[in-house]
Amino acid sequence: TRKPGQVARGQPRKLAAPKPQQVSQGAGAGGHTIMLLQETKNLATRTWSEHPTLRQALDYFVSSYERQLKALNPQARELSYTVEDLHVYIDSMADLSALIFAPATKHYMPRNKTYLKQQLLLQLQSAAR
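Draft legend 1. Looking closely at the overall build of the protein chain. The helix and strand inventory of the protein chain stands at three helices and four strands. Secondary structure elements in the protein chain, listed N-terminal to C-terminal, are β-β-α-α-β-β-α. Within the span of the protein chain, comprising 129 residues, buried residues form 28% of the whole. Taking as baseline every contact in the protein chain between residues at least 6 positions apart, the subset at least 24 positions apart corresponds to 53%. Summed over its atoms, the accessible surface of the protein chain is roughly 9300 Å², and 53% of this surface lies on carbon and sulfur atoms.

Draft legend 2. Inspection of the sheet that holds strand S1 (residues 33-38) at higher detail. Strand order in the open sheet made by the four strands is S2-S1-S3-S4, with antiparallel pairing throughout. In the strand order of this sheet, the two ends are held by strand S2 (46-51) and strand S4 (107-111), each with one partner. Going from strand to strand, the sheet's axes swing by 20° on average, the running direction of each strand aside. Alignment of strand S3 (residues 95-102) against S4, held across five bridges, turns out to be antiparallel. In the sheet register, Ala98 faces S4, and the bridge partner there is Arg111. Packed onto the sheet, helix H1 (residues 54-72) meets S1, S2 and S3 and runs at close to 30° relative to S1. Each of S3 and S4 is contacted by helix H3 (residues 113-128), which is oriented at about 75° to S3, the strand it contacts most.

Procedures and definitions
- Throughout, a residue's number is its position along its own chain's written sequence, starting from 1.
- Thresholds applied to this predicted model are a pLDDT of at least 70 for local features of residues and 80 or more for the giving and counting of side-chain atom pairs; totals over whole chains, interfaces and linings are not thresholded and use all residues.
- Side-chain descriptors were evaluated using all non-hydrogen atoms of the structure, hydrogens and water having been removed beforehand.
- Secondary structure elements are taken from DSSP: a helix is a run of H or I of four residues or more, a strand is a run of E of two residues or more, and numbering for both begins at the N terminus.
- Each residue's exposure class comes from its accessible area (1.4 Å probe, protein chains only) as a fraction of the maximum for that residue type: buried when under 20%, exposed when over 50%, partly exposed otherwise.
- Pairs of residues are marked as contacts when any of their non-hydrogen atoms sit within 4.5 Å.
- In this description, accessible areas are obtained by the Shrake-Rupley approach with a 1.4 Å probe, and a residue is regarded as covered only by the protein chains that are shown.
- A pair of strands counts as paired when DSSP detects no fewer than two bridges linking them.
- Axis lines are fitted through C-alpha atoms, for helices just across the contact stretch, and the angle between N-to-C directions can take any value from 0 to 180 degrees.

Okay, structure coming up:
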């Protein structure tokens, strides 16, 4: 006999459906965030990182991009890039997604590349002000 919520071995677990939220919550919205990244189709390139907020996850992502640019251009004193460059980089990845904790529903909300690009743009625009 199983207790409520207990899943029998080998059976898929039913997850609560996330409630819809507005995309334009702002880059600082959301709680604990788990970023899932796969650079190429090679499964060995899968990685993840966790952050207290979406804002910090996006900061980490941009910092990683900047480190990669510096590694590719070691002689350059100064590097510059545009939001479009970041979007191209994101689109070149086999996968980039995030699980963002929504305290109101106590669920992790899955977010795809499109959402992350929108939030990255909002965050960079906010920082430019």
